[in-house]
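What the coordinates show
Letter by letter, the chains look like this.
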Amino acid sequence: MVEKGPIKFSVKSLKGSGISLEDIEIAIGRLAMEEEWEPMGPTPMPKITTLREWDMKLLKRYRPFYMPFCDLCCLCTYGKCDLTAGKRGACGLDIGAQQGRIVLIACAIGASTHTSHARHLVDHLIEKYGENWPIDLGSDIYVEMPISRLITGIKPKTLGDLSYILKYVEEQIVQTLAAAHTGQEGSYLDFESKSLHLGMLDHLAMEVADVAQIITYNFPKGKPDAPLTEVGMGLADTTKPVILCIGHNVSSGVEIIDFMKKNGLGRPGETIEVLGLCCTAHDLTRYDEQAKIVGPISHQIRFIRSGAADVLILDEQCIHIMVLSEAQRVKTPVIATSDKACHGLPDMTNKPVEEIVDALVSGKYPGVLILDLEKAGAVAVLTALRIAPIRKKFKSLPDKADLKKVAEKCTKCGRCRRNCPIDLPTDEAVFAARQGNFDKLAELYDYCLGCARCESECPRDIPIHSLIVSAAELKIKTERYKIRVGRGPILDTEIREVGSPIVFGEIPGVVAYVGCANYPEGGRDVAIMAEEFLRRRFIVTVSGCSAMSIAMYRTEEGKTLYEEYSGAFDAGGLVNVGSCVANAHIAGAAIKIANIFARRPLRANYEEIADYVLNRVGACGVAWGAMSQKAASIATGFNRLGVPVIVGPQGAKYRRLYLGRREDRESFTVYDARTGDRVWVGPAPEHLVYVAETREEAIVMTAKLCLRPNDTTKGRMIKLTHYVELYKKYYRRLPDDLHMFIRTEADIPITFKGEIMEYLKEVGWEPWEKPVVDPTLLERLIRVKK
């Protein structure tokens, strides 16, 4: 589709009956976006360097800490260049700049992926519904699309406006990625500034993508009591035809459901099971809650090998590259629907539906590429109906005798374990199975990442991942949990209720569990962390694979957290916003607090809003299983907005953290906007990106990173109560930096006052001269100039 921008032309003189005009300019086009709904701010559609000054303020406080995954640069033909021990490459780049460059490339990949997803989705929906389809998020959302308003200065009203916004994002990604070319950028700080720019663009693209599908597919529009649906490996009724959708772009899945309804096959689960895996699963259930979620990315190979799926639909992102060969092993035909993931399949887009179905059912082709999504939906349904009876023999796991026979080849060489990303004792488990003990294999099921790297390393070609899954057959068959359907945006009415207690600290924080399933010790850890903060009346928001992993855990009452806690954006609420692109609504909530509660101007006013969030909104993201480049760009977008992020131990492989130095008082010195004085406010928040090695460390750091300079004495006391309780729970002592967060005695948690007063006396603490300030990093926000 070609996007039509505004058409402008000048007229020297225009005369008619009763009218005479001279030297006028006429514009026809996106005039709706240009209405003065709010005065235009200082940074509409910022370019690479527009917000560079803000970035440098952040990078001065939160200095990049690099952990080179590789000491070489291999990106041009001068290389390989050794960058160790202060050496520079042939182009002059040192190792710091090279690490910043690699981070930029990762963020560019992530931002490009979400932008490409948004472009494909928006173009498809414009073709289906027209570019004038209105943006309507319901009567409880007046500030719709806060990220778009903040960054572009545009108040989008139609699908066509979203396409216009994407043009800006696409142009900026190209301009920013160009800095990674040999002989371009040379400063690690400027590479980081550009990465922050890409992260911001990623959030904008995510918002466009999710709003586009909400308004056209009638997803929940911020509904706190969105319905519960099912998640788990054991939920598929394999006596019916089963279609499994994998990826992130739900459009093909929607076409499947629509075709079923139009042709008298009912809703998902009535005659055909429609299942989703990864983020497509979230969005399928947002469209129809009778669709079901198999699980996060780690469940791909195990579910395909189970043989339960009669047809696989692949769209885009986070698809295991071996799905085609894995599907062939169990005779499951594959339909690819994205030009970004063709998998070497023949393009049958222009062939008749029946011809394609015949080719798949007969096995002529193991899979096909169909870029017409409506046709792909029809082919998927008709193929599933015809092939399901033929495939019945593949829908069962091997028995224990077969498993023992396969395991007998094991010599316990240990190569599988050495190749496991998280060092699971696969060698010991397979060797035990050789002796008839399958318990050790079954114990690995909840921890296995599902990557199958162990199998590619095994010299005896043992299907280790299949052994793990088969050994856990009983668990798989009973794996059925409840999850709340992704609700999308946060309501303006909710923001009005919680804005004040969040900013003043009486709601101790907003914690977002986001990201992939590359967990160090299984998804249960994410659920345990979420439960800890739900009990403490934090607001917990979730999305993507993390939202699914949280569902696969039951409390002492035998319920999932979604059954036990409200879906409202309020203290003690568990808010599932939806898929990866729905992460934009979490950032959007922070932005709306600044706009709706604090009445800060929103339109093209990025610096001021980010400054407000950094100093006042106690929010923290936790990407415990972060794996992809998308996760890197999402986190970096939160960082530019002033929201800290904690990653799990695997997150160290992103190569870069943003760490504050609490001993550097100057870096945590801000302006008091009321007086213009420079005031030390303590290390709050102390870091912007932090890697935690254990669940316990992550829990303590989460509470700590919700501290903000703007906390009232009551709010600071509440936040420190949680920080101290958690620190004592896991470390059995008081935090050694506690004195840095106590401004006056009124901040001290009442339950620990005696113990803390003794500690403060030991470290020589004195009350702060200015305990309460109006904190800002921006000199232009000072109200009284000296």
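Keep in mind that this is a model prediction, so the values were computed, not measured.

**Remarks on the side chain of glutamine 98**
With respect to the secondary-structure elements, glutamine 98 resides in helix α2 (residues 95–129). What makes glutamine 98 buried here is its relative accessible area of 3%. Not counting residues within four places of it along the chain, the set of residues in contact with glutamine 98 comprises Leu72, Cys73, Leu75, Leu83 and Leu93.

**Describing empty space enclosed by the protein**
Enumeration over the complete set of coordinates arrives at seven cavities of 30 Å³ or more. For the largest cavity, the calculated volume is near 300 Å³. Considering the residues around the largest cavity, the lining is formed by 34 residues, among which Val514, Asn583, Ile586, Ile634 and Phe638 are closest to the centre. Listed by contribution, the elements that provide at least two residues to the lining of the largest cavity are β14 (510–513), α21 (544–551), α23 (583–597), β17 (619–623) and α25 (629–640). Considering every element that reaches the lining of the largest cavity, the biggest residue donor is α23, with six residues.

**Quick notes on the packing of helix α20 (residues 524–535) against helix α26 (residues 695–704)**
Between α20 and α26, the least distance of the axes is 10 Å, while the angle of their chain directions is 35°. Crossing hand, α20 versus α26: right-handed. Contact residues: Asp525, Ile528, Met529, Glu532 and Phe533 in α20; Arg695, Ala698, Ile699, Thr702 and Ala703 in α26. Across the contact of α20 with α26, the residue classes break down as six nonpolar, one polar and three charged.

**A word on the nonpolar core**
Nonpolar side chains in soluble globular proteins tend to end up buried together. Judged by nonpolar contacts, the single largest core of 256 residues is most densely connected at Phe303, Ile335, Tyr513 and Phe569. Per-element accounting of this core gives the leading share, 15 residues, to helix α5 (residues 188–217).

**Considering the state of the cysteines**
With the rule as written, the count across this model stands at zero disulfides. The closest cysteine sulfur to the non-disulfide-bonded cysteine 342 is located on cysteine 318, 17 Å from its own sulfur. Under the relative-accessibility criterion, cysteine 342 is labelled partly exposed at 26%. The thiol sulfur of cysteine 706 is not disulfide-bonded, and the nearest other cysteine sulfur, from cysteine 620, lies at 5.5 Å. According to the relative accessible area criterion, cysteine 706 is buried, its value standing at 0%.

**Overview of the environment of glutamine 300**
As for its placement among the helices and strands, glutamine 300 is situated in helix α8 (residues 300–306). Here the alpha-carbon distance between glutamine 300 and cysteine 318, two residues 18 residues apart in the chain, equals 9.9 Å. The residues touching glutamine 300, leaving out its near neighbours within four places in the chain, are Ile246, Leu277, Cys318, Ile319, His320 and Val323.

**Examining the domain arrangement of the protein chain**
Partitioning the protein chain into domains gives domain 1 (1–33), domain 2 (36–217), domain 3 (228–391), domain 4 (400–477) and domain 5 (482–776). One C-alpha centre belongs to domain 3, the other to domain 4; they are set 28 Å apart. Residue-level contacts link nine residues of domain 3 with 13 residues of domain 4. Of the roughly 840 Å² buried at the junction of domain 3 and domain 4 (both faces included), carbon and sulfur atoms supply 45%. For domain 3, the biggest contributors to the area lost against domain 4 are Met233, Arg302 and Arg305; these three give 58% of the whole. Where glutamate 455 meets arginine 305, a salt bridge forms, and the shortest distance between an N and an O atom there is 2.6 Å. Scanning the region where domain 3 abuts domain 4 turns up five residue pairs in polar contact (both at pLDDT 80 or more). No other element matches the three residues that α8 contributes to the side of domain 3 that touches domain 4.

Each value, and the rule that gives it
- Residue positions are counted from 1 within each chain, in the order its sequence is given.
- Under the rules for a predicted model, residues below a pLDDT of 70 receive no local features and side-chain atom pairs below 80 are neither given nor counted, while totals for whole chains, interfaces and linings still include all residues.
- Side-chain measures here rest on the full set of heavy atoms in the structure, leaving out hydrogens and waters.
- Elements are defined by DSSP. Helices are runs of H or I of four residues or more, strands are runs of E of two residues or more, and each kind is numbered from the N terminus.
- To sort residues, take the accessible area from a 1.4 Å probe on protein chains only and compare it with the maximum for the residue type: under 20% means buried, over 50% means exposed, and anything in between is partly exposed.
- Residue contacts are defined here by distance: any two heavy atoms, one from each residue, within 4.5 Å place the two residues in contact.
- Only protein atoms enter the 1 Å grid, on which a cavity is a set of points fitting a 1.4 Å probe that cannot get out and a pocket is an open set with protein on both sides within 12 Å along at least 5 of 7 lines, lining residues being those with an atom within 4 Å of a point.
- Grid points are joined across faces, edges and corners, and a volume is the space filled by probe spheres set on the points.
- Lines fitted to C-alpha atoms define the axes, with helix axes restricted to the stretch in contact, and inter-axis angles between N-to-C directions lie between 0 and 180 degrees.
- Note on convention: the crossing is left-handed when the near helix lies turned anticlockwise from the far helix by less than a right angle, right-handed when the turn is clockwise.
- Here the term charged refers only to Asp, Glu, Lys and Arg, the term nonpolar to Ala, Val, Leu, Ile, Met, Phe, Trp, Tyr, Cys and Pro, and the term polar to all other amino acids, Gly among them.
- To define a nonpolar core, start from buried Ala, Val, Leu, Ile, Met, Phe, Trp, Tyr and Cys residues and group those joined through side-chain atoms within 4.5 Å.
- To count as a disulfide, a pair of cysteine sulfur atoms needs to be within 2.5 Å.
- Just so you know, the domain bounds were taken from an automatic or database domain assignment.
- Each of two parts loses accessible area, computed with a 1.4 Å probe, when they are put together; buried area is these two losses added.
- The term salt bridge refers to a pairing of a side-chain nitrogen on Lys or Arg with a carboxyl oxygen on Asp or Glu at a separation within 4 Å.
- Counting of polar contacts relies on pairs of N or O atoms within 3.5 Å, with two restrictions inside protein: one atom must be capable of donating a hydrogen and the other of accepting it, and residues adjacent in sequence are counted only when both atoms are side-chain atoms.

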